[in-house]
Amino acid sequence: MPEYPDISVYIEAIERHAMGQVLQRVTLKSPFLIRTYTPPIASFEGQTLIGLRRIGKRIGFEFANRQWLVLHLMVAGRLHWNGKRQALIGFEFANGTLSLTEAGSKRQAAIHLFADESGLASIDPGGLELENVSFLAFKTRLLHANHTLKRALTDPHILSGIGNAYSDEILHQARLSPVQLTRNLDDDEIRRLLKAIHDRLAYFTELLRAQTGSGFP
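Below: a short report on this structure.

Thoughts on the overall build of the protein
Here comes step 1: Summing up its helical and strand segments, the protein has five helices and eight strands in all.
Here comes step 2: Going from the N terminus to the C terminus, the protein shows its helices and strands as α-β-β-β-β-β-β-β-β-α-α-α-α.
Here comes step 3: Taking 2.2 N^0.38 as the reference for a compact globule, 217 residues should give roughly 17 Å; the C-alpha atoms of the protein span a radius of gyration of 18 Å, in line with that estimate.
Here comes step 4: For the protein, the spread of C-alpha atoms along the three principal axes comes to 55 × 35 × 35 Å.

Digging into the environment of leucine 185
Here comes step 1: Structurally, leucine 185 can be placed in the loop between α4 (164-174) and α5 (187-212).
Here comes step 2: We classify leucine 185 as buried; its relative accessible area is 8%.
Here comes step 3: As a C-alpha pair, leucine 185 and leucine 142 span 43 residues in sequence and 9.8 Å in three-dimensional space.
Here comes step 4: Excluding anything up to four places from it in sequence, leucine 185 contacts Leu142, Leu149, Leu176, Gln180 and Ile190.

So, the nonpolar core
Here comes step 1: In this structure, Ile14, Ile59, Phe61, Leu69, Leu79, Phe91 and Leu98 are the most contacted members of the largest nonpolar core, which totals 32 residues.
Here comes step 2: The dominant element in this core, judged by the number of residues it contributes, is helix α1 (residues 4-18), at six residues.
Here comes step 3: Residues within four places of leucine 98 in sequence aside, it is in contact with Ile14, Phe61, Leu79, His80, Trp81, Ile89, Gly90, Phe91, Phe93 and Phe216.
Here comes step 4: Formed by 26 residues, the second largest nonpolar core is a distinct cluster that contains Leu142, Leu159, Leu176 and Leu201.

Analysis parameters
- Residues numbered from 1 in each chain as written.
- Predicted model: local features only at pLDDT ≥ 70, side-chain atom pairs only at ≥ 80, totals over all residues.
- Heavy atoms only, no water.
- Helix = DSSP H or I, 4+ residues; strand = E, 2+ residues; numbered from the N terminus.
- Rg over C-alpha atoms; globule rule 2.2 N^0.38 Å.
- Buried < 20%, exposed > 50% of the residue type's maximum accessible area, 1.4 Å probe, protein only.
- Contact = heavy atoms within 4.5 Å.
- Core = buried A, V, L, I, M, F, W, Y, C linked by side-chain atoms within 4.5 Å.

As structure tokens, then:
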């Protein structure tokens, strides 16, 4: 499942390609993708993309009429810029098409539609954002309940944007066991964990940026 680094680089690429562009047409081939129907998907056509936001492991698209489209790629969903005829949905802009594919037979990717920003709260799991978090805020959230470190890192209600892949990298860097309980950590271990989170997320984000260049991930 795409996590913080992957979603961040996707957003940067979409911003380069589609920000400020008018969404001319939505071609929906798999209606199961749409999980909410107010406003209708057709109401996004003719609107300019004015904002992008990471919401946990989701990508939020804000349009000029203040409506939001929020996409969750889940495990097998991937985004492409041009060239994917078998896409489940295509967003056609004047300068190209953003499309979604999903590998395998399971259909888990999801799109939620909202009339305004207030609707985003209904899908935001509320995990702590980690970019500029203080040690005290991180410690408080981490120790709120007694979980294994693996669960604490990957629970979107506790921390935002981390899943199985990057949690393993973080724990390896921090030299901590995935089955260690959060309330057994001392302050030095918590500081080491926070440092490893910042280090690994920054490292893989930069790696993906370098691999993507000016293209699309």
